[in-house]
Amino acid sequence: LSYEGEVLVDQKPLHSYTIQQRAQKIAFLPQKRNSSDISVERMVLHGRFPYLSYPRRYRKIDIEIAQQAMQKVGVDSYAHQNMKELSGGMQQKAYIAMALAQDTPIIVLDEPTVYLDIAHQMQVLQLIRQLANQGKTMIVVLHDLIQALRYGDDIALIQDGTIQAVGTSEEIYQNKHLLASFDVAIEKIDTPQGQQYYYVMND
């Protein structure tokens, strides 16, 4: 399958928005970022830039929103700690708090679990799931199909830059032939925590 067209946000083409208007609609976290030599709170406050004119002076509402974002993702106790002193997992949570402080209806994350250990991967994905349940549109790029199947609502499988399929976790799972084209076999099992997917080694 292939899809083409234009991206609409609130029924308007994305390119029709100014840069500042776009930043008030969509927050984006790239995969690679340099570790900033600033406090967690200052980093999170960067999310308020789309609402400030130059020179940037934080208002009371900006500080309150940043504090709420830090509390929501669980980094408020690290507010005055330097970003470089945090573990990779806590840094990632701080960046998500920054995106949350941007107060957009849509958040796009490129490989948010890369370089994280398993425990922090699960924490970050559970946080993303929680934000989606609270009404945020979370668009997440993942290379791990199991993570996508477990945490995603709608999944787009992309291969060689082309969308191969779009569907729910169950619809993607049922398309065994398609998954085989990615050189993987996936099965699922019922557990007390719900359905869990797992990889199967091909003979």
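Note that this is a predicted model, so its numbers are computed, not measured. (Residues numbered from 1 in each chain as written. Predicted model: local features only at pLDDT ≥ 70, side-chain atom pairs only at ≥ 80, totals over all residues. Heavy atoms only, no water.)

Undergrad: Tell me what's going on with the environment of Gln 102, and back it up with residues and numbers.
TA: Checked against the element boundaries, Gln 102 lands in the loop between α4 (88-101) and β4 (106-110). When the C-alpha atoms of Gln 102 and Val 44 are compared, they prove to be 8.7 Å apart, with 58 residues separating the residues in sequence. Beyond its immediate sequence surroundings of up to four residues, Gln 102 is in contact with Ala 23, Ile 26, Ala 27, Gly 47, Arg 48, Pro 50 and Tyr 51. A distance of 3.3 Å separates a polar side-chain atom of Gln 102 from the backbone oxygen of Ile 26. (Helix = DSSP H or I, 4+ residues; strand = E, 2+ residues; numbered from the N terminus. Contact = heavy atoms within 4.5 Å. Polar contact = N/O pair within 3.5 Å; in protein donor to acceptor, adjacent residues only side chain to side chain.)

Undergrad: Give me helix α3 (residues 60-73): which residues, what numbers.
TA: Counting along an α-helix, one turn takes 3.6 residues, and residues three or four places apart therefore face a common direction. Along its 14 residues, α3 runs 20 Å from first to last C-alpha, staying within 8% of the 20 Å computed at 1.5 Å per residue. Taken together, the buried positions of α3 are occupied by Asp 62, Ile 65, Ala 66, Ala 69, Met 70 and Val 73. Projected down its long axis, α3 carries its buried residues within an arc of 135°, all on one side. Of the exposed residues in α3, those oriented more than 90 degrees away from the buried face are Lys 60 and Gln 71. Looking at the buried residues of α3, the elements they touch are α2 (40-45), α4 and α5 (118-133). (Expected span 1.5 Å × (residues − 1). Buried < 20%, exposed > 50% of the residue type's maximum accessible area, 1.4 Å probe, protein only. Arc of directions from axis to C-beta.)

Undergrad: Give me the packing of α4 against α5: which residues, what numbers.
TA: Contact geometry for α4 and α5: axes closest at 9 Å, N-to-C directions at 15°. In terms of axis orientation, α4 runs roughly parallel to α5. Relative to α5, the crossing made by α4 is right-handed. Residues Gly 89, Met 90, Gln 92, Lys 93, Ile 96 and Leu 100 of α4 touch α5, and the partners they reach there are His 120, Gln 123, Val 124, Leu 127 and Leu 131. Split by residue class, the contact of α4 with α5 holds six nonpolar, four polar and one charged. (Axes fitted to C-alpha atoms, helices over the stretch in contact; angles between N-to-C directions. Parallel < 35°, antiparallel > 145°, perpendicular 65-115°, else oblique. Left-handed = near helix turned anticlockwise from the far one by under 90°. Nonpolar A, V, L, I, M, F, W, Y, C, P; charged D, E, K, R; others polar.)

Undergrad: Which residues make up the pattern of salt bridges, and what values go with them?
TA: Note on pairing: side chains with opposite charge can pair once their charged atoms come close. Under the defined criterion, the tally for this structure stands at six salt bridges. We note a salt bridge from Asp 153 to Arg 129, for which the minimum N-O separation is 3.0 Å. Residue Asp 153 is located in the loop between α6 (145-151) and β6 (154-159), and its partner Arg 129 is located in helix α5; the two are separated by 24 residues in the primary sequence. Owing to a relative accessible area of 21%, Arg 129 belongs among the partly exposed residues under this scheme. Salt-bridge contacts for Glu 187 lead to Lys 176; the nearest nitrogen and oxygen are separated by 3.5 Å. Of this pair, Glu 187 sits in strand β8 (residues 185-191) while Lys 176 sits in helix α8 (residues 176-180), placing them 11 residues apart in sequence. (Salt bridge = Lys/Arg side-chain N within 4 Å of Asp/Glu carboxyl O.)

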